[in-house]
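# Observations on the three-dimensional arrangement
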Amino acid sequence: DGAELFERLRTSYPTLGTITDIFVGIQTSADHIYIMRLTERRQNTTVLYSKSLGRDWEFENEVVLPVVSGTDVWRYQTLPERQYILFPYEVHDEQATLIPLKTLAQRYPLAAAYLAANRKELEDRERGKFRDSQWYRFGRNQNIGIQGRMKLCVPRLVEYLYVTIDTKGDHVLDNVDVCGITLKAAYASTNPYYLMGVLNSAILRWFFPKVSAPFRGGWWSANRQFLSQLPIRLIDPTNPTDRAQHDHLVALVQQMLDLHQRHAAEGNPQM
């Protein structure tokens, strides 16, 4: 059942992998040190609970960023700020540079002291691979610089396909269980809200399990290899009918986002 529709969708439209970049989050190789639960957000500092030390630690606001895991992502809902990542990097033009330790200690002494308290364990990662002057760097360099993009977010394991959006690009993706999606430059005329509406649609919810891999309990894998196969109906910006449909869907998605924000503010996040 549905084979004819599946083939028509599969062969009639470009795929998500063609029009977007699909990427994973940051690989620290020591999440229990770098990723911490929020205790208190203050005017100039943020207090986080460190699993590695078993206690709260105060950090300068400029060197910690909210981090998103798969359980933080729900259809159209605002991303929470329940956990943060210590981010000892500067990013310019999507190129990330590790802040020199001396500079880090001068600008962010609280963060530098925290890293020093975890130095031995950070140096011992991967059988001593990090015993050098940059012992506090993340485990891998991939995707560090692009975390600041406006991006759609999708959990790596889902019961059905759904996405939300990081509109300001101020959240970092957890590598383990969430993917980011951004439009390639050649498709910049497409509003990310339009793409969000398409990915949250009933037709792609129906299509997705047919190209994904099942897990026990009714879960499906939303890794890049499966997401990239999704058909996306793009609009022709020179066609008035296409443009009107595009703008109408964007307006509907914006209404959904605004509605979820109001419900969250009222203490009723689930709809």
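My aim in this report is to walk through the structure given alongside it, one point at a time. (Residues numbered from 1 in each chain as written. Predicted model: local features only at pLDDT ≥ 70, side-chain atom pairs only at ≥ 80, totals over all residues. Heavy atoms only, no water.)

### Re the overall build of the protein chain
- The secondary structure content of the protein chain amounts to 11 helices and 15 strands.
- For 271 residues, the compact-globule formula gives about 18 Å, and the C-alpha radius of gyration of the protein chain, at 21 Å, lands near that figure.
- With respect to the principal axes defined by its C-alpha atoms, the protein chain has extents near 60 × 40 × 40 Å.
- Looking at the protein chain as a whole, 44% of its 271 residues are labelled buried.
- Contacts spanning at least 24 positions in sequence make up 64% of the contacts within the protein chain whose residues lie at least 6 apart.
- In the protein chain, the 31 positive side-chain charges and the 30 negative ones have mean positions that sit 5 Å from each other. (Helix = DSSP H or I, 4+ residues; strand = E, 2+ residues; numbered from the N terminus. Rg over C-alpha atoms; globule rule 2.2 N^0.38 Å. Buried < 20%, exposed > 50% of the residue type's maximum accessible area, 1.4 Å probe, protein only. Contact = heavy atoms within 4.5 Å. Lys, Arg positive; Asp, Glu negative; His and termini not counted. Charge placed at Lys NZ, Arg CZ, Asp CG, Glu CD.)

### A word on the sheet that holds strand β15 (residues 219-221)
- Taken in spatial order, the 3 strands of this open sheet run β10-β15-β14, and their pairing is antiparallel. Looking at strand neighbours, the two that pair on one side only are β10 (157-158) and β14 (214-215), the edges of this open sheet.
- Bridging between β14 and β15 involves 2 bridges; their strand directions are antiparallel. Paired with P214 across the strands is W220, a residue of β15. (Pairing = 2+ DSSP bridges.)

### What to know about the environment of D170
- Within the element layout of this structure, D170 appears in the loop between β11 (164-166) and β12 (172-173).
- With residues up to four places along the chain from it excluded, the contact list for D170 reads L65 and P66.
- At a separation of 2.8 Å, a polar atom in the side chain of D170 contacts the side chain of H171. (Polar contact = N/O pair within 3.5 Å; in protein donor to acceptor, adjacent residues only side chain to side chain.)

### Thoughts on the pairing of strand β6 (residues 83-86)
- In β6, alternate side chains face the same way, and those of Q83 and I85 on one face and Y84 and L86 on the other are all buried.
- In this sheet, β6 lies alongside strand β2 (residues 35-41) in antiparallel orientation, the contact comprising 3 bridges. Of the residues in β6, the one forming a bridge with I35 is I85.
- For strand β5 (residues 64-68) and β6, the ladder comprises 3 bridges, and the chain directions are antiparallel. Each residue of the ladder has a partner; that of L65, found in β6, is I85.

### Some points on unusual backbone geometry
- At Y76, a residue that is not glycine, the phi angle is positive and equals roughly 70°.
- Looking at the element boundaries, Y76 is found in the loop between β5 and β6.
- Look at E94: it is not a glycine, yet its phi comes out positive at around 65°.
- Secondary-structure assignment places E94 in the loop between β7 (89-92) and β8 (95-98).
- By relative accessible area, which is 35% here, E94 ends up partly exposed.

### Focus: the pairing of strand β4 (residues 55-60)
- Taken together, the 6 bridges between strand β3 (residues 45-50) and β4 define a ladder with antiparallel strand orientation. For L48, the partnering residue across the bridge sits in β4 and is W57.
- Between β3 and β4, which pair antiparallel in sequence order, lie 4 residues; one of them, G54, sits at a positive phi of approximately 70°.

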